[in-house]
Amino acid sequence: MAKRILVVEDNDLNRKLFCDLLRAKGFEVEPVADGREAIEKTRLFMPHLVIMDIQLPNVSGIDLIEAIKADEELKAIPILAVTAYAGKGDEETIRAAGAEGYLAKPVSIGPFMVAVNALV
């Protein structure tokens, strides 16, 4: 059975790239463009991994990570933060929110797949 990955990314091009790449590697993928739907989609899809953009319209990816980690049903799901928000101290802030992985954009395919495979 294929491992399930939820991709929370508002940028259409990035979301399509991540989803196409993951599907090509045999994962079952559920894309989410609007971060406000992320918690509900996580609950319905019960992924083995959540890939989370940090800069989302309407809601912060950090807030979503904290909400997932505060939820008894969802907290065990690993989260890979993928973000252009890569200033000094940002990785520590994102990891402190609960993300198990962190990648700065632009993301190269090799490191992206290494990070995904390490968490699923």
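Bear in mind that the values here come from a model prediction, so they are computed numbers and not experimental data. (Residues numbered from 1 in each chain as written. Predicted model: local features only at pLDDT ≥ 70, side-chain atom pairs only at ≥ 80, totals over all residues. Heavy atoms only, no water.)

A. Structural detail: the packing of aromatic side chains. A complete count under the given rule lists 1 aromatic pair for this structure. Both rings, one in Phe18 and one in Phe112, keep their centres 4.9 Å apart while their planes meet at 10°; by these two values the pair is stacked. Highlighted residues: Phe18 in helix H1 (residues 12–24) and Phe112 in helix H5 (residues 109–119), separated in sequence by 94 residues. For the residue pair Phe18 and Phe112, the accessibility class agrees, reading buried in each case. (Phe/Tyr/Trp six-rings, centres within 6.5 Å; stacked < 30°, edge-to-face > 60°. Helix = DSSP H or I, 4+ residues; strand = E, 2+ residues; numbered from the N terminus. Buried < 20%, exposed > 50% of the residue type's maximum accessible area, 1.4 Å probe, protein only.)

B. Geometry of the nonpolar core. Among the nonpolar cores identified, the biggest contains 22 residues, and Val8, Val50, Met52, Ile65, Ile79 and Ile94 are the most heavily contacted of them. For this core, the elements supplying multiple residues, two or more each, are strand E1 (4–8), helix H2 (38–45), strand E3 (49–53), helix H3 (61–70), strand E4 (79–83) and helix H4 (90–97). Sort the elements by how many residues they give to this core and H3 lands first, with 4 residues. Once residues lying within four places of it in the same chain are set aside, the contact partners of Ile65 are Met52, Ile54, Ile79, Ile94, Ala97, Gly98 and Ala99. Leu49, Val82, Val116 and Leu119 belong to the second-largest nonpolar core, a separate cluster that totals 18 residues. (Core = buried A, V, L, I, M, F, W, Y, C linked by side-chain atoms within 4.5 Å. Contact = heavy atoms within 4.5 Å.)

C. Just the packing of H3 against H4, in detail. For the pair H3 and H4, interaxial distance at closest approach is 8 Å and the crossing angle is 30°. Classified by the angle their axes make, H3 and H4 are roughly parallel. Along the contact surface, H3 presents Ile62, Ile65, Glu66 and Lys69, while H4 presents Thr93, Ile94 and Ala97. (Axes fitted to C-alpha atoms, helices over the stretch in contact; angles between N-to-C directions. Parallel < 35°, antiparallel > 145°, perpendicular 65-115°, else oblique.)

D. Looking closely at the UniProt feature "domain: Response regulatory" (unreviewed entry) in the protein chain. Under the local residue numbering, the UniProt record ascribes the feature "domain: Response regulatory" (unreviewed entry) to residues 4–120. In residues 4–120, the share of helix is 43% and the share of strand is 21%. The end C-alpha atoms are 9 Å apart. (UniProt positions renumbered as here; feature names shortened; annotations may be inferred.)

E. Broad picture of the sheet that holds strand E2 (residues 28–32). Taking strand neighbours across the sheet as the criterion, the 5 strands line up as E2-E1-E3-E4-E5 in an open arrangement whose pairing is parallel. The open sheet has two free edges, formed respectively by E2 and strand E5 (101–104), since each of these has just one partner strand. Along the sheet, successive strands turn relative to each other by an average axial angle of 15°, direction set aside. As paired strands, E1 and E3 are joined by 4 bridges and run parallel to one another. Residue Val7 lies in a different strand from E3, and its bridge partner there is Ile51. Packed onto the sheet, H2 meets E1, E2 and E3 and runs at close to 170° relative to E1. Against the sheet, H5 makes contact with E1, E3, E4 and E5, and its axis sits at roughly 160° relative to E4, the strand it touches most. (Pairing = 2+ DSSP bridges.)

F. Focus on the packing of H1 against H5. At a minimum axis separation of 12 Å, H1 and H5 run at an interaxial angle of 65°. Like other packed secondary-structure pairs, H1 and H5 cross with a definite hand, here right-handed. Counting all contacts with H1, which are made through Phe18, Leu21 and Leu22, the residues of H5 involved are Ile109, Phe112, Met113 and Val116. Of the residues assigned to the contact of H1 with H5, the class counts are 7 nonpolar, no polar and no charged. (Left-handed = near helix turned anticlockwise from the far one by under 90°. Nonpolar A, V, L, I, M, F, W, Y, C, P; charged D, E, K, R; others polar.)

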